Amino acid sequence: MTFATVSRRSALALALGLAAFAAPAYAGTLETIKERGAVLVAIDVSHPPYGMLDSSAKETGSDVETAKLLADDLGVKLQIVQVSGANRVPFLLSGKADVVIASFSITEERKKVVAYSKPYGVVPVVISAPKDATIAKPEDLDGKTIAVARGTTADIELTKVTKASAPGARVVRYEDEATANAAVATGQQDILAAALSTANAVRDANPGKNLEVKLTMAAYPMAIGLRKNDEAFQAKLDEWVSANLKNGKLNEIYQKYFGMALPAELTN
């Protein structure tokens, strides 16, 4: 068993403990939001185009616009709680955020400790590498070094892929997306495991690296994360997602930042 495996299991055990403690205390999140007059939304602003800072250091991105739409429809102010990929769940479970809207894809591991709204988007997870790198199948990662942000779906899928098909791969886990991206940009690693949007952003920012997508590891449905045992709030979020998929507003946000429409199975 590797140290990384122990760390992931320890983090999950801690999250399970937090969930057991927090669930009864936050059973009325919708009422709390209304009384406060603001919704606390966990967003990773180091993960463009989901979350980023503009030239005036203001938060922007698809997650930010989604959170603003939610706040407007709830009739409250938006308060952004900046998080990284690794601390999204702890911030939610400890009550520092009411919801997570941070390219938060649905995974079986996360479902053990958090609840989700209905899906409102998708997150493809890919392997990106220089064009001249021979990577056509998972086995080709054997013996190679790969950068990834710890705790992300890319980390989850890369762990599965390397364990099954490339046990000789060396995975270098960074604490957030920005650091993993910088490692590839500066040549510390040549291969990146990340969401498609992140891989494309790193490619565009570093044309000299000649990066391209080599493999698609998975495509995850993306949803709003909330604490378990809060049925009224979950029902409200499900209703909100359904309404804004039907009226096209969530699709407009997705198209603006990703240049494509949401999958038909989400919008129909």
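Before any of the text, the structure's been laid out above.
Residues numbered from 1 in each chain as written. Predicted model: local features only at pLDDT ≥ 70, side-chain atom pairs only at ≥ 80, totals over all residues. Heavy atoms only, no water.

All told, the structure shown has three aromatic pairs when counted by the stated rule. Here Tyr50 and Phe258 contribute two aromatic rings whose centre-to-centre distance is 5.1 Å and whose plane-to-plane angle is 55 degrees, an arrangement assigned as tilted. Here Phe258 lies in helix α10 (residues 249-258) and Tyr50 lies in the loop between β1 (38-43) and β2 (52-53), a separation of 208 residues in the sequence. According to the relative accessible area criterion, Tyr50 is buried, its value standing at 2%. (Phe/Tyr/Trp six-rings, centres within 6.5 Å; stacked < 30°, edge-to-face > 60°. Helix = DSSP H or I, 4+ residues; strand = E, 2+ residues; numbered from the N terminus. Buried < 20%, exposed > 50% of the residue type's maximum accessible area, 1.4 Å probe, protein only.)

Here we take up the pattern of salt bridges. This structure, assessed with the given rule, holds nine salt bridges. A salt bridge links Glu65 to Lys256; its shortest N-O distance comes to 2.6 Å. One end of the pair, Glu65, is in helix α3 (residues 62-74); the other, Lys256, is in helix α10, and 191 residues separate them in sequence. A relative accessible area of 56% means that Lys256 is categorised as exposed. (Salt bridge = Lys/Arg side-chain N within 4 Å of Asp/Glu carboxyl O.)

We now examine helix α2 (residues 29-36). Residues Thr29, Leu30 and Ile33 constitute the buried set of α2. Looking down the long axis of α2, one finds its buried residues gathered within 100 degrees of arc, a one-sided arrangement. Buried residues belonging to α2 abut β1, α3 and α9 (231-246). Remark: Gly37 follows α2 within two positions and exhibits a positive phi of approximately 80 degrees. (Arc of directions from axis to C-beta. Contact = heavy atoms within 4.5 Å.)

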